[in-house]
Amino acid sequence: EAAVTQSPRNKVTVTGGNVTLSCRQTNSHNYMYWYRQDTGHGLRLIHYSYGAGNLQIGDVPDGYKATRTTQEDFFLLLELASPSQTSLYFCASSDAGGSNQAPLFGEGTRLSVL
Amino acid sequence: QQKVQQSPESLSVPEGGMASFNCTSSDRNFQYFWWYRQHSGEGPKALMSIFSDGDKKEGRFTAHLNKASLHVSLHIRDSQPSDSALYFCAASEQTGGYKVVFGSGTRLLVSP
């Protein structure tokens, strides 16, 4: 069964802290995405990738780095976390090779920056 | 400003009623549209896609797309309390990549 797994599910850090959010998909999808969800803003695209070593800038990239180490793994890095980055983060994957498949989402990581 | 605008922000309908959601995009490059649903504590799940002008019906759900006006809608007939959730419109463009963007969402409450 197609799946996207995020870890950790919850994370608390302090301002200026270093955080890495992990995402793994076992669907053989080439595209992976990182979104943040905030009330009133919906889901906003941070970064996305269409393969290992590739990175594309999303709509709200400031303060975030991302790295796609393999087809399966996509990481989101917050090197100097700020309270404004307190949010619910979702990873998603899709096979955009002509099928125009809707991205499949993980269960989310709730991040609090104190 | 988000490229995908949704309305209304929230909606309340009685059980058995019709729920309607609207979405307008500001980018003519968008070619593919989806509706997603998110229940509390879960990730968003795709409900249905629509890529061509006109209506697409799947059970109680009907989506409509008008590419000329960049407008897409979703209608749920015979709404059930289990339909209570956050609904998102999503759109994608394929210009040098496959970027998928979402609207701000509409919260639906279906009362028994």
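Before reading further, recall that the structure is shown in the block above.
Residues numbered from 1 in each chain as written. Chains lettered and ligands numbered in written order. Predicted model: local features only at pLDDT ≥ 70, side-chain atom pairs only at ≥ 80, totals over all residues. Heavy atoms only, no water.

Chemist: I would appreciate a short explanation of the environment of Tyr31 of chain A in the present structure.
Modeler: Structurally, the position occupied by Tyr31 of chain A is in strand 4 (residues 31-38). C-alpha of Tyr31 of chain A to C-alpha of Phe105 of chain A: the two residues are 74 residues apart in sequence and 12 Å apart in space. (Helix = DSSP H or I, 4+ residues; strand = E, 2+ residues; numbered from the N terminus.)

Chemist: Would you explain the pattern of salt bridges in this entry?
Modeler: Pairing between side chains of opposite charge can happen when their charged atoms approach one another. Inspection of the entire model under this criterion finds ten salt bridges over all chains. Across the pair Arg24 of chain A and Asp73 of chain A runs a salt bridge whose closest N-O atoms are separated by 2.8 Å. Separated by 49 residues along the polypeptide, Arg24 of chain A in strand 3 (residues 19-25) and Asp73 of chain A in strand 8 (residues 73-78) bring together distant segments of the chain. Between Lys45 of chain B and Glu42 of chain B there is a salt bridge, with the nearest N and O atoms lying 3.4 Å from each other. The class for Lys45 of chain B is partly exposed, based on a relative accessible area of 44%. We classify Glu42 of chain B as partly exposed; its relative accessible area is 31%. (Salt bridge = Lys/Arg side-chain N within 4 Å of Asp/Glu carboxyl O. Buried < 20%, exposed > 50% of the residue type's maximum accessible area, 1.4 Å probe, protein only.)

Chemist: Can you help me understand the side chain of Gln56 of chain A in this one?
Modeler: With respect to the secondary-structure elements, Gln56 of chain A resides in strand 6 (residues 56-57). Look past the residues within four positions of Gln56 of chain A in its chain and what remains in contact with it is His47, Tyr48 and Tyr50 of chain A. (Contact = heavy atoms within 4.5 Å.)

Chemist: Where do I start with the nonpolar core in this structure?
Modeler: A general feature of soluble globular proteins is that nonpolar side chains tend to end up buried together. Counting residues in hydrophobic clusters, the biggest one holds 24 residues, and the most contacted among them are Phe21, Trp35, Val72 and Leu108 of chain B. Of all elements in the fold, only strand 2 (10-14), strand 3 (19-25), strand 4 (32-38), strand 5 (45-50), strand 7 (61-66), strand 8 (71-76), strand 9 (85-93) and strand 11 (106-111) of chain B reach the threshold of two or more residues within this core. By size, the runner-up hydrophobic cluster in this structure holds 21 residues, among which are Phe90, Ala96 and Phe105 of chain A together with Leu86 of chain B. (Core = buried A, V, L, I, M, F, W, Y, C linked by side-chain atoms within 4.5 Å.)

Chemist: Before we go on, may I ask you to explain the packing of aromatic side chains in this structure?
Modeler: For any pair of aromatic rings, the description rests on two quantities: the centre-to-centre distance and the angle between the ring planes. Within the structure shown, the criterion is met by 17 aromatic pairs over all chains. Here the aromatic rings of Trp34 of chain A and Phe74 of chain A are separated by 6.4 Å at their centres, their planes lie at 35 degrees, and the arrangement is tilted. On the criterion of sequence distance, the pair formed by Trp34 of chain A in strand 4 and Phe74 of chain A in strand 8 is long-range, its members being 40 residues apart. Looking at Phe74 of chain A, the relative accessible area reads 0%, which means it is buried. Between Trp34 of chain B and Phe51 of chain B, the ring centres sit 5.7 Å apart and the planes meet at 85 degrees, which makes this aromatic pair edge-to-face. Of this pair, Trp34 of chain B sits in strand 4 while Phe51 of chain B sits in the loop between strand 5 and strand 6 (54-58); the two residues are 17 residues apart in sequence, bridging distant segments of the chain. Looking at Trp34 of chain B, the relative accessible area reads 2%, which means it is buried. Three or more aromatic residues link up through ring pairs in this structure, and these residues are Tyr31, Tyr33, Tyr35, Tyr48, Tyr50, Phe90 and Phe105 of chain A together with Tyr36, Phe88 and Phe102 of chain B. (Phe/Tyr/Trp six-rings, centres within 6.5 Å; stacked < 30°, edge-to-face > 60°.)

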